[in-house]
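# Examining the three-dimensional arrangement
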Amino acid sequence: MPLGLSWTPNEGGLLLVIPDEELAAFPCPPPPEPDQQPVRELHLTLLSRRSLAALAALPSPPPLPEGLLERLPPPTLRLLPGLHRADRPASPERPLGKRSYFQVLDGQGAWAAWTGSVLAAWQNSAQHVNPALWPAAEAGRLYHLSRFNRGGGAPLASVGDVGWADLAAPAGQRR
């Protein structure tokens, strides 16, 4: 099964989904801490839910165009070595806060450009939608695969806003 694009309005961002059959190409390193579980439903977030909120709020949100990945294949998915940690503070919903470990994708510029092309093709397929509602590719996005989290491996339990600061901060702490 090939990679797939996924977007469910009001439930998540625009994702490049890696099917279970492809997981062997992305072996999971050993858990870095005992309370960390491998992330299930491996995916690459291209755009956050927040960026897509205006489209999701439409009475009929525009579906992703059929065959988009066949027309616009993604860059080669290569992971850089090393795990990085992202921590977020506690909240009423998450008394322990969030902690994820992630691997950075090689070719950040290629991924940003490709995401822009996907957005342009999607917008072109839904010309009835006000152009002002369409997001741009997120300038600060760090394209990565979340590998572990302490939320039992649930995808939404991972830190959702991993950014460049998470690479530079000591021990993965956000600055």
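Shown above is the structure to which this text applies.
The following paragraphs examine the structure supplied in this document. Because the structure is a prediction, the values reported are computed rather than measured.

## With respect to the side chain of Arg147
Structurally, the position occupied by Arg147 is in strand β7 (residues 144-149). We note that Arg147 is buried and unpaired, the nearest opposite charge coming from Asp20 at a distance of 11 Å. Separated by 2.8 Å, the side chain of Arg147 and the backbone oxygen of Phe26 make a polar contact.

## Brief notes about the sheet that holds strand β4 (residues 43-47)
As summarised here, the arrangement of the three strands in space is β1-β2-β4, forming an open sheet in which the pairing is antiparallel. Two strands in the sheet have a free side with no partner beyond their single neighbour: β1 (4-6) and β4. This sheet shows a mean twist of 25° between the axes of neighbouring strands, independent of strand direction. Both β1 and strand β2 (residues 14-17) contribute to a ladder of three bridges, which runs antiparallel. Bridge pairing in β2 links Ser6 to Leu15. Packed onto the sheet, helix α3 (residues 108-125) meets β1, β2 and β4 and runs at close to 65° relative to β4.

## As for the packing of aromatic side chains
Summed over all chains, the structure comprises three aromatic pairs. For the ring pair Trp7 and Trp122, a centre distance of 5.1 Å and an interplane angle of 70° mean the geometry is edge-to-face. On the criterion of sequence distance, the pair formed by Trp7 in the loop between β1 and β2 and Trp122 in helix α3 is long-range, its members being 115 residues apart. Summarising the burial analysis for this pair, Trp7 and Trp122 share the class buried. Seen in terms of ring centroids, Trp122 and Trp134 are 5.2 Å apart; in terms of plane orientation they differ by 75°. Their pairing is edge-to-face. Of this pair, Trp122 sits in helix α3 while Trp134 sits in the loop between α3 and β7, and the two are twelve residues apart along the sequence. Side by side, Trp122 and Trp134 carry an identical accessibility label, which is buried. Taken together through their ring pairs, the aromatic side chains of Trp7, Trp122 and Trp134 make up a single cluster.

## Concerning the pairing of β2
As paired elements, β2 and β4 share four bridges and run antiparallel to each other. The partner of Val17 across the bridge, within β4, is His43.

## Focus on α3
Over its 18 residues, α3 runs 26 Å from end to end, which matches the ideal 26 Å to within 8%, given 1.5 Å per residue. Looking at the buried side of α3, the elements it contacts are β1, β2, β4, α1 (53-56), α2 (68-71) and β6 (98-104).

Conventions and cut-offs
Residues numbered from 1 in each chain as written. Predicted model: local features only at pLDDT ≥ 70, side-chain atom pairs only at ≥ 80, totals over all residues. Heavy atoms only, no water. Helix = DSSP H or I, 4+ residues; strand = E, 2+ residues; numbered from the N terminus. Buried < 20%, exposed > 50% of the residue type's maximum accessible area, 1.4 Å probe, protein only. Lys, Arg positive; Asp, Glu negative; His and termini not counted. Salt bridge = Lys/Arg side-chain N within 4 Å of Asp/Glu carboxyl O. Polar contact = N/O pair within 3.5 Å; in protein donor to acceptor, adjacent residues only side chain to side chain. Pairing = 2+ DSSP bridges. Axes fitted to C-alpha atoms, helices over the stretch in contact; angles between N-to-C directions. Contact = heavy atoms within 4.5 Å. Phe/Tyr/Trp six-rings, centres within 6.5 Å; stacked < 30°, edge-to-face > 60°. Expected span 1.5 Å × (residues − 1).

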